[in-house]
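So you can see what is in the structure, the chains are spelled out below.
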Amino acid sequence: MPGDSRRVRGPEESQSPLLYAVPAQLPVGRTGRGAGEPRAVFVRAGLLSHAAGSAYIEAGGTKVLCAVSGPREWGGAGGERRGRLLCDLRWAPFSRAGAWSSSAASSRQAGLLLQESLEASLRLERYPRAELAVWALVLEDRGSALPAAVSCASLALADAGVEMYDLVVGAGLSRGAEGEELRLDPDDSEEEAGATMYLSLLPALNQVSGLLCSGEWEGDTSVAAVRMCMEGCQRLYPVLQQSLVKATKRKIPAPQPQSG
Amino acid sequence: MASVVLSEAEKVYILHGVQDDLRTDGRGCEDYRGIEVETDVVSNTTGSARVKIGHTDVLVGVKAEMGTPKLEHPKEGYLEFFVDCSANATPEFEGRGGEELGTEIANMLYKIFDNKSSMDRESLCILPGEHCWVLYVDVLLLECGGNLFDTISIAVKSALFNTRIPKVRVLEDDEGSKEIELSDDPYDCMRLNVEHVPCIVTLSRIGHRHVVDATLQEEACSLASLLISVTSKGTLTCMRKIGKGSLDPESIFEMIETGKRVAKFLHLSLQNVLSQEESLGKKRHKIGFLR
């Protein structure tokens, strides 16, 4: 998102007063849902009229919109016979809590991660000299935006009728200070604590296409975390399938019995 | 990233070799190439190191400067990473070509240091909330011959080991104003504890097996690899899948196992080499880089 030069941003060295406030004692464990329980999701495919395919996902307060355009001609450079996938993942300037910020640098990295996660699921060799573009926009980020964006982008690609092996489903996970339990699908306050993991899975093929984790993981906690993420992906999979079927039925009306 | 083009026959040759645990240069699947480490190679830095693995050559310089602590962590100093992909390494890096790879590696370095166990950042604090040491870690790629991430992480660790920060004292007068005094003795230095600084191990999936320290040719045969950064205690601090392909969950668990095992030996031998080199003191014959 380009910065707005007319906007008065205050002095260069300004800080949020929250930094000086006494940190509130965070409750241990989460309230309202279990550790391995993802937030409720709303999924819809095929909602944008001008895109080849599109999808929208809402997981708790996180809202992601995604459009796919193409395949369109690209030409191909250096004897590359496979098609090319372009991914662009952006955060709306007002999407996060706190001060207004344009996050160009971090969104570039996230775009690369999105591309790596999706590329394994696509049959790009079927689109020689062509280009597929994926535009994902995070409207509101209340935690686990990247996993939601991956699921959303994959659904949009399927809605566009791109040949693929499987849908890609993303899942996020966080773990607070040492010894605390793993929490699937963290919201933004849980995400800040300690260690986080992001994983994307091709559920039918049981293949992991994207993995990124940071923070400290002792012993076998990382293995447990990977398993938990995979479970989360498997739970979301039927929801995505259902919305895809719905979108396709809308697009192609059921055949009417021919009279006479 | 620098890459080579291989024919199908060459790929099959490498693949079959890996399946039989015998790679084209005679190594097994879990063997590193010979690693050359030299510290204190650049005179104008607070710490520097050069590491060469096969045809991958990396030079790291650390400069310590005084700055203000970040507001979120008023009692800690911090590290800044910059990776410069010079066009000397490969013509693909010409102009802005290396920028993307550079930021990717720098982000990875931020990630592996973004926890409490990797380094004691509180020792970099001079005056809480006002002054701290900022370590600017500059990574230069001189030559690319596969396995960049591992080489860079080893070089960063060696350079931090070599870093000597001048000791400063905080003086406070009657009116409460504070002054920072630098020690007169240039050899009166503070050293960093690098024992828990993690190293990255890259495991490249080739066929049904995985190899460590892949050469450029082997990287061309691998569709997906897993980067894991492990401390000397065996704690995972970062893990990332790179590449176009996907990985079987079971193979990920195997790779984590292998990575931890390999990293343990890597840390041990690196620590040995570094202390050995230091024990030589002034007698040490300096070699310099790109030789």
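Residues numbered from 1 in each chain as written. Chains lettered and ligands numbered in written order. Predicted model: local features only at pLDDT ≥ 70, side-chain atom pairs only at ≥ 80, totals over all residues. Heavy atoms only, no water.

> Summarise the overall build of chain A; cite the residues concerned and give the values.
When helices and strands are counted, chain A shows four helices and nine strands. Starting at the N terminus and ending at the C terminus, chain A contains elements arranged as β-β-β-β-α-β-α-β-β-α-β-β-α. Per-residue burial over chain A gives 47% buried out of 260 residues. Considering only contacts in chain A between residues 6 or more positions apart, those separated by 24 or more positions represent 71%. Surface exposure of chain A reaches about 13600 Å², of which carbon and sulfur atoms provide 53%. (Helix = DSSP H or I, 4+ residues; strand = E, 2+ residues; numbered from the N terminus. Buried < 20%, exposed > 50% of the residue type's maximum accessible area, 1.4 Å probe, protein only. Contact = heavy atoms within 4.5 Å. Areas by Shrake-Rupley, 256 points an atom, 1.4 Å probe, with all protein chains shown as cover.)

> Could you give me a rundown of the interface of chain B and chain A, with the residues and numbers involved?
If you look at the interface, chain B gives 32 residues, while chain A gives 32 residues. Across the interface of chain B and chain A, roughly 2800 Å² is buried in total on both sides, 55% from carbon and sulfur atoms. By the criterion of area lost to chain A, the three top residues of chain B are L71, K244 and F253 of chain B, representing 22% of everything that side buries. Here chain B is connected to chain A by two salt bridges. The partner of R240 of chain B in a salt bridge is E116 of chain A, and the shortest N-O contact between them spans 3.5 Å. One can count eleven residue pairs in polar contact (both at pLDDT 80 or more) joining chain B with chain A. At the level of secondary structure, the elements contributing two or more residues to the side of chain B that touches chain A comprise α2 (99-113), β14 (236-243) and α5 (249-280) of chain B. (Buried area = accessible area lost by both parts, 1.4 Å probe. Salt bridge = Lys/Arg side-chain N within 4 Å of Asp/Glu carboxyl O. Polar contact = N/O pair within 3.5 Å; in protein donor to acceptor, adjacent residues only side chain to side chain.)

> Mind laying out the sheet that holds strand β1 (residues 41-45) of chain A, listing which residues take part and the relevant values?
All names here are of chain A. Reading across the sheet, the five strands line up as β1-β2-β3-β5-β4 and stay open at both edges, with mixed pairing between neighbours. Of all the strands in the sheet, the pair left with one neighbour each is β1 and β4 (84-91). Along the sheet, successive strands turn relative to each other by an average axial angle of 15°, direction set aside. In terms of strand pairing, β4 meets strand β5 (residues 130-140) through eight bridges, oriented parallel. Counted as the bridge partner of R84 is E131 from β5. Lying over the sheet, helix α2 (residues 145-159) contacts β1, β2 (53-59), β3 (62-73), β4 and β5, oriented at roughly 40° with respect to β3. (Pairing = 2+ DSSP bridges. Axes fitted to C-alpha atoms, helices over the stretch in contact; angles between N-to-C directions.)

> Quick one: what's the story with the UniProt feature "domain: Exoribonuclease phosphorolytic" (unreviewed entry) in chain B, residue by residue and with numbers?
Residues and elements named next belong to chain B. According to UniProt, the feature "domain: Exoribonuclease phosphorolytic" (unreviewed entry) maps to residues 32-166 and 196-261 in the numbering used here. In residues 32-166, helix accounts for 22% and strand for 38%; the two terminal C-alpha atoms are 36 Å from one another. For residues 196-261, the end-to-end C-alpha separation is 16 Å, with 29% helix and 41% strand making up the annotated structure. (UniProt positions renumbered as here; feature names shortened; annotations may be inferred.)

> Can you break down the pattern of salt bridges residue by residue, with the values?
Between side chains of opposite charge, pairing is possible as soon as their charged atoms come close. Tallied over the entire structure, the rule returns 27 salt bridges over all chains. Residues E163 of chain A and R126 of chain A are paired through a salt bridge, measuring 3.1 Å at the closest nitrogen-oxygen approach. Note that E163 of chain A is positioned in the loop between α2 and β6 (169-175) and R126 of chain A in the loop between α1 (104-119) and β5, a separation of 37 residues in sequence. The partly exposed category is assigned to E163 of chain A, whose relative accessible area is 28%. Residue classification places R126 of chain A among the partly exposed residues on the basis of a relative accessible area of 48%. E30 of chain B is the partner of R261 of chain B in a salt bridge, and the nearest nitrogen-oxygen pair spans 2.8 Å. Here E30 of chain B lies in the loop between α1 (8-19) and β1 (35-39) and R261 of chain B lies in helix α5, a separation of 231 residues in the sequence. Accessibility expressed as a relative area gives 40% for R261 of chain B, which makes it partly exposed. Taking the relative accessible area as the measure of exposure, E30 of chain B reaches 37% and is therefore partly exposed. Taken together, the shared-partner salt bridges in this structure form one network comprising R23, D25, R27, R33, D213 and E218 of chain B.

> So what about the pairing of strand β9 (residues 178-182) of chain B? Which residues, and what values?
Taken residue by residue, a regular strand's side chains alternate between the two faces of the sheet. Alignment of strand β8 (residues 168-172) of chain B against β9 of chain B, held across five bridges, turns out to be antiparallel. Residue R169 of chain B lies in a different strand from β9 of chain B, and its bridge partner there is E181 of chain B.

> So, the sheet that holds strand β8 (residues 195-202) of chain A: which residues are in play, and what are the values?
Across the sheet, which stays open at both edges, the eight strands sit in the order β7(A)-β6(A)-β8(A)-β9(A)-β14(B)-β13(B)-β11(B)-β12(B) with antiparallel pairing between neighbours. The strands lining the two open edges of the sheet, one partner per strand, are β7 (182-184) of chain A together with β12 (209-212) of chain B. Across the sheet, the mean angle from the axis of one strand to that of its neighbour is 20°, orientation sign disregarded. Helix α4 (residues 221-251) of chain A rests against β6, β7, β8 and β9 (207-217) of chain A together with β14 of chain B of the sheet, and its axis sits at about 140° to β6 of chain A.

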